[in-house]
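# Architecture at a glance
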Amino acid sequence: MGEATNHALRVALRDTGLTIESLAERVGVDPKTVSRWLLEDRIPHARHRLTAADALSKTVSDIWPDISRRRALVWFRPWQEIEREATTLRSYQPLVLPGLLQTEAYARAVLTGGGLIPRSEVERLVAHRISRQLILHREEPPQLTVVLDEAVLRRPVGGPATMREQLLALADASTQPHIRVHVVPSTVGEYAGLNGPFVLATAADHRIAGYLDNQLQGQVVSEQADIAAILAAWENVRGETLSHWQSVDLIREVAQSWSSAQPRG
């Protein structure tokens, strides 16, 4: 048991004078839960990690520095390393919001959909997805450009309340200088994006890697011919979009429409 102890959490408790019981009270969980974080090195839910770190005057990465690596699916780790080191990211999504911009509720709904993933595994994957977003809050974050099909804004993932929260969060994120979002309007007919989602990551040395997603697992590509094909697809989908601020206005408009929508029965 001792080998699993979260030493960083123990030190933070000592430095702040907090106890397991007082931290549990601040976070809003049972003291037994905090004991598991400490003595079994369990990983809290995303919202609890943020609250606990704030109570301890630390960042999440101070207390759980290796969370992304531990929570990542094995096949996803190569891409996560690329994503973490990228200076620019270009993401196209025709079906859902990219993980880097998903709210916790939206991510949970996406992962729960269809009932194919065990509920216990869903929370683990949600925590991993949210933790990946830390790269957007670094002192020097990557430049993220996202292209979405308008259908993503109108699909009731998780219901109206979840969609409204998600789209308002997306619009707010889009006001940051390192995040740009563009929407392909529903009036556009056939275009290259209909062939599926992809992400392009550019490293500091200007090397480009791509990521293709499917029902089984993602695929990292780096061959010159493959990258050229994805770049061509990116230029095609980017050329069909509204401007950034037109897109933000549309996102806010659709968010308000979810306010008056009826919850799913």
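Below you will find a few notes about this structure. (Residues numbered from 1 in each chain as written. Predicted model: local features only at pLDDT ≥ 70, side-chain atom pairs only at ≥ 80, totals over all residues. Heavy atoms only, no water.)

So, on to the sheet that holds strand β3 (residues 179-184). Strand order in the open sheet made by the six strands is β3-β2-β1-β4-β5-β6, with mixed pairing throughout. Across the chains shown, the open sheet's two edge strands, defined by having one partner strand only, are β3 and β6 (219-221). Strand after strand, the sheet turns through a mean of 15° between neighbouring axes, direction not considered. In this structure, strand β1 (residues 88-93) lies alongside strand β2 (residues 143-149), joined through six bridges in parallel fashion. (Pairing = 2+ DSSP bridges. Helix = DSSP H or I, 4+ residues; strand = E, 2+ residues; numbered from the N terminus. Axes fitted to C-alpha atoms, helices over the stretch in contact; angles between N-to-C directions.)

Here helix α3 (residues 31-39) has its buried residues at V34, W37 and L38. Seen from one end, α3 has its buried residues packed into an arc of 95°, which puts them on one side. Among the structural elements, α1 (7-16), α2 (20-27) and α4 (46-55) are those in contact with the buried residues of α3. Capping of α3 at its N-terminal end is provided by D30; its side-chain oxygen lies 2.7 Å from the backbone amide nitrogen of K32. (Buried < 20%, exposed > 50% of the residue type's maximum accessible area, 1.4 Å probe, protein only. Arc of directions from axis to C-beta. Contact = heavy atoms within 4.5 Å. Polar contact = N/O pair within 3.5 Å; in protein donor to acceptor, adjacent residues only side chain to side chain.)

Positioned with a positive phi, S57 is a non-glycine residue whose angle comes to about 55°. The phi dihedral of H206 falls on the positive side, at around 75°, and the residue is not glycine. Within the secondary structure, H206 is located in the loop between β4 (198-202) and β5 (208-212). Here H206 falls in the exposed class, since its relative accessible area comes to 67%.

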